[in-house]
Amino acid sequence: MITTAPGASEVELVIGGMTCASCAARIEKKLNRMDGVEATVNYATEKAKVAFRDGIAVADLIATVEATGYTAQEPAPPAPESDVEETPEPEELRLLRQRLTTAVVLAVPVILMAMVPALQFDYWQWLSLTLAAPVVTYAAWPFHRAAWTNARHGAATMDTLISVGTSAAFLWSVWALFRGTAGMPGMKHPFELTIARSDGSGNIYLEAAAGVTAFILAGRYFEARAKRKAGAALKALLELGAKEVTLLRGGREQLVPIAELKVGDRFLVRPGEKIATDGTVVDGSSAVDASMLTGESVPVEVSVGDPVTGATLNAGGRLIVEASRVGADTQLARMARMVEDAQNGKAAAQRLADRISGVFVPVVLALAVATLGFWLGNGAELTAAFTAAVAVLIIACPCALGLATPTALMVGTGRGAQLGILIKGPEVLESTRKADTVVLDKTGTVTTGRMTLLAVHTTEATDETDVLRLAGALEHSSEHPVAQAVAAAAADRIGALPAPEDFANVPGLGVQGVVDGHAVLVGREQLLTEWAMVLPSDLQLAKNAAESAGRTAIVVAWDGEARAVLEVADAVKETSPEAVRRLRALGLTPVLLTGDNRAAAEAVAAEVGIEPEQVIAEVLPQDKVDVVKRLQGEGRSVAMVGDGVNDAAALAQADLGLAMGTGTDAAIEAGDLTLVRGDLRVAADAIRLARRTLGTIRSNLFWAFAYNVAALPLAAAGLLNPMIAGAAMAFSSVFVVGNSLRLRGFRTADR
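Basis of the calculations
Residues numbered from 1 in each chain as written. Predicted model: local features only at pLDDT ≥ 70, side-chain atom pairs only at ≥ 80, totals over all residues. Heavy atoms only, no water. Pairing = 2+ DSSP bridges. Helix = DSSP H or I, 4+ residues; strand = E, 2+ residues; numbered from the N terminus. Contact = heavy atoms within 4.5 Å. Expected span 1.5 Å × (residues − 1). Buried < 20%, exposed > 50% of the residue type's maximum accessible area, 1.4 Å probe, protein only. Arc of directions from axis to C-beta. Core = buried A, V, L, I, M, F, W, Y, C linked by side-chain atoms within 4.5 Å. Salt bridge = Lys/Arg side-chain N within 4 Å of Asp/Glu carboxyl O.

## Notes on the sheet that holds strand β5 (residues 244-249)
Then, in step 1: The sheet built from 6 strands is open, its strands ordered β6-β5-β7-β13-β8-β11 with antiparallel pairing. Each edge of the open sheet carries a strand with a single partner, namely β6 (252-257) and β11 (307-308).
Then, in step 2: Examined bridge by bridge, β5 and strand β7 (residues 266-269) share 2 bridges and lie antiparallel to one another. By the bridge assignment for β7, leucine 247 is matched with phenylalanine 267.

## Observations regarding the side chain of threonine 64
Then, in step 1: Along the chain, the position of threonine 64 falls in helix α2 (residues 58-67).
Then, in step 2: Those residues within four positions of threonine 64 in sequence are excluded, and the remaining contacts are Lys30, Leu31 and Met34.

## A look at helix α19 (residues 537-548)
Then, in step 1: Spanning 12 residues, α19 covers 16 Å between terminal C-alpha atoms, matching the ideal 16 Å at 1.5 Å per step.
Then, in step 2: Taken as a whole, α19 has its buried residues at Leu539, Ala542, Lys543 and Ala546. Within α19, the buried residues cover an arc of 100° as seen down the axis, which keeps them to one side. For α19, exposure combined with an orientation more than 90 degrees from the buried face picks out Ser537, Leu541 and Ser548.
Then, in step 3: The elements touched by buried residues of α19 are β16 (447-458), α18 (525-530), β20 (552-558) and β21 (561-572).
Then, in step 4: Glycine 550 sits one or two positions beyond α19 and adopts a positive phi of about 85°.

## What about the side chain of serine 173?
Then, in step 1: Structurally, serine 173 is set in helix α6 (residues 158-178).
Then, in step 2: Accessibility expressed as a relative area gives 0% for serine 173, which makes it buried.
Then, in step 3: Setting aside anything within four residues of it in sequence, one finds serine 173 in contact with Ile204, Tyr205 and Leu206.

## Overview of the nonpolar core
Then, in step 1: Formed by 50 residues in total, the largest nonpolar core has its most connected members in Ile204, Leu206, Leu217 and Val392.
Then, in step 2: Taken together, the elements giving at least two residues each to this core come down to α3 (91-115), α4 (124-139), α6, α7 (206-227), α11 (352-377), α12 (382-395) and α25 (681-716).
Then, in step 3: By size, the runner-up hydrophobic cluster in this structure holds 47 residues, among which are Ala404, Val428, Val446 and Leu586.

## Digging into helix α17 (residues 481-494)
Then, in step 1: Spanning 14 residues, α17 covers 20 Å between terminal C-alpha atoms, matching the ideal 20 Å at 1.5 Å per step.
Then, in step 2: Burial in α17 covers these residues: Val482, Ala483, Ala485, Val486, Ala487, Ala489 and Ala490.
Then, in step 3: The inward-facing, buried residues of α17 contact β16, α16 (464-475), β20 and β21.
Then, in step 4: Of the residues trailing α17, glycine 495 is marked for its positive phi of about 110°.

## Things to note about the pattern of salt bridges
Then, in step 1: A full pass over the atoms with the stated rule returns 26 salt bridges.
Then, in step 2: A salt bridge links arginine 270 to glutamate 253; its shortest N-O distance comes to 2.7 Å. Residue arginine 270 is found in the loop between β7 and β8 (278-283), and its partner glutamate 253 is found in strand β6; the two are separated by 17 residues along the sequence.
Then, in step 3: In this structure glutamate 253 comes out as partly exposed when scored by relative accessible area, which is 45%.
Then, in step 4: Residues glutamate 322 and arginine 266 are paired through a salt bridge, measuring 3.2 Å at the closest nitrogen-oxygen approach. With glutamate 322 in strand β13 (residues 319-325) and arginine 266 in strand β7, this pair connects stretches of sequence that are 56 residues apart.

## What to know about the pairing of strand β19 (residues 518-523)
Then, in step 1: Relative to β19, strand β18 (residues 510-515) runs antiparallel, the two being bridged by 6 bridges. Its bridge partner lying in β19, glutamine 512 is registered against leucine 521.
Then, in step 2: Between β18 and β19, which follow one another and run antiparallel, lie 2 residues, and aspartate 516 among them has a positive phi close to 50°.
Then, in step 3: As judged from the 4 bridges shared by β19 and β20, these two strands associate in the antiparallel manner. Residue pairing in the sheet places glycine 523 in a bridge with valine 555 of β20.

Structure (structure tokens):
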């Protein structure tokens, strides 16, 4: 992460033209070579975060990036709300789709004619040339452009190999058609798998040039579509806020867009509405559900003088709030910046194929030149020597290498989707292998995320059914989440509840009313004190035990006597203990992280099998990011599982973010893996599937690379005829696809 020194400035630049992770590394290296500049470039988000000292202009930074062969500009200011509902498709993505469509439509007949002798009519080779030319020039232009940029800066990537290989295949085919014998009427591609020297003048390789271009473009297009969602986490965060606010001006209520709200304005928040911005309550009292931001499962009681946070939900009474922070100063906006900082701070993951090509490409190019020199030096004809050199380039053309990652990822992600697991990209897979610690958010992840009636304690003379009927009937009229939990449990066990009379809400204490002729009180112990009632000793012990376990204790009384204590809490999911055991079996150390109080957190940890020393409680949203950073600072590779807005920044900061699909859009977009079902066991399955997919990619890359290496000596010796080259390339591709398809057999641990 970048730390901005005193007197230094910081800027974020949008980078264009990057085609692989090595591009990001090259830009980062160039920027960091500037005196007084510290930069980090993220390939996934296509942004550079740069800290620079006084005396350096942003224009200098942009010029350095452009001199490296890429584009850079400062981000455009945020668009008005009405303009961001539907983001138009980027021009770059539209052009890429056009190139892909062109390549597929034209390459398919070229490949069919080359591989099916029955389709090789007189002059078929000239039709192949006509169809292949736009593929190798127009459709493959991004590869040629990137290869030229890399060459100017002394670098080589997959783009270099694709450009050189397809160009060599195409240009040699053109030479063979116009200068050799390949253009003669009746020319065929015979199926002769013999090893013999040839001058190459009768061979064309148009199907290799067109086919490889189409395959690689398809992978690039789907990758670009995935990358387009990189900023969705921030958009999802900001969209949580209220769009309109009811202002109080001159004693009148006025509904205005949120953008018109200013510090000091007073606004009205009705029950069920979102609080428009950070502020202080100046009138009224209510329960505010802040779980989406703070992780606190129990709604917070607020009254005059208490602070409230924008985007939280007013779950109770009517409030009048005075705005204290608006716009970019609110807690929600600060959390959005935290998510963005965490995303940009991630080290750019170098794709495996690029790492291999970084060594493979220069070796192949050197071998081709050495082959040409060797044959010329040993008295061979120029045609035969050039044939051998071009054969080296053609056999090295990365068809199987290009398929290795996308096919495994396609099958792995497809199987994951069937099982409720969404994997965002290849960079995620490496993190699943390295992870050794898993941080579990409590609310909504380990627990259900909603209040539930867990226990009913009664006096000896009281029947539990009477308690639920009377308390449930009264609580049914309240909007408070704790009251709704009691009402729901009563309705489930008893059925229809009687209607209360003279119902009244006592702010901050509970409710009272008449049910079936009984004067009933339900709420805090202080409510009974106001009516001169005292809890019996057995109920007092039950209440103290519930509160020490972090649960909410509700007292029920009627006809002047305390009758029961109800325990309400965020219940642990039935599958969570098994999920924790499975995560341990994968070599992960589980850590429970929550905004709840320590007593509640430790009670949940004990229930699911997490040690007390691995519990981190009473944590604010910004502190969750700090906890993840601290664990990373201890040398751990951290996986984080969460579901709330308060988890989004921590999910982005973690080495591996797993978002529960039952949670908020902000958390889902910030995560690397999304678990569609709200079952924590799926987290263990997701890590297993991701590790299996990574293993498949590694084996694909090994075998694809091995086929190339095995065939290169034959090509250099001039013994590789077109059919052996085609068969080797086809077999390596079939092997890679077949190996990837094995992922379709992946099963979850409980199947």
